[in-house]
Amino acid sequence: MGQRAQAAAGCLTVTAGVVAGLAVWYVRAQGRVRRFEQGPDWSVFYAELPLLVIAGIAAGLGVWAVVQGVRSRLGSRRSAPPAP
């Protein structure tokens, strides 16, 4: 895999992590922004949203790093000279 393809795969993985973080936040935040006969819960926006987006980015980077490590190990085993 070329360098551009690796960079694109890393960007797509991080984007998938951000989307996953936003999806988790959206599911958890439903009904909590406006509660019946209460004011809005702003902590949903200023605390939970950034934390879940950052967690999604970290998860995406972790997955990408693991996949790259596995691919490099498999590549080094395949390119190793045969044992005598």
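For the structure, see preceding data.
Residues numbered from 1 in each chain as written. Predicted model: local features only at pLDDT ≥ 70, side-chain atom pairs only at ≥ 80, totals over all residues. Heavy atoms only, no water.

### Structural notes on the overall build of the protein chain
Part 1: Helix and strand counts for the protein chain come out as two helices and zero strands.
Part 2: Within the protein chain, the fraction of its 84 residues that count as buried is 15%.
Part 3: Expressed as a percentage of contacts within the protein chain between residues at least 6 apart in sequence, the contacts between residues at least 24 apart total 60%.
Part 4: Accessible area for the protein chain stands at about 6400 Å²; split by element, carbon and sulfur atoms hold 67% of it. (Helix = DSSP H or I, 4+ residues; strand = E, 2+ residues; numbered from the N terminus. Buried < 20%, exposed > 50% of the residue type's maximum accessible area, 1.4 Å probe, protein only. Contact = heavy atoms within 4.5 Å. Areas by Shrake-Rupley, 256 points an atom, 1.4 Å probe, with all protein chains shown as cover.)

### Remarks on helix α1 (residues 3-29)
Part 1: With 27 residues, α1 should reach 39 Å at 1.5 Å per residue; the first-to-last C-alpha distance of 39 Å fits that figure.
Part 2: Of all the residues in α1, the buried ones are Gly10, Val14, Gly17, Gly21, Trp25 and Ala29. (Expected span 1.5 Å × (residues − 1).)

Function cannot be read off these values alone, since they describe shape.
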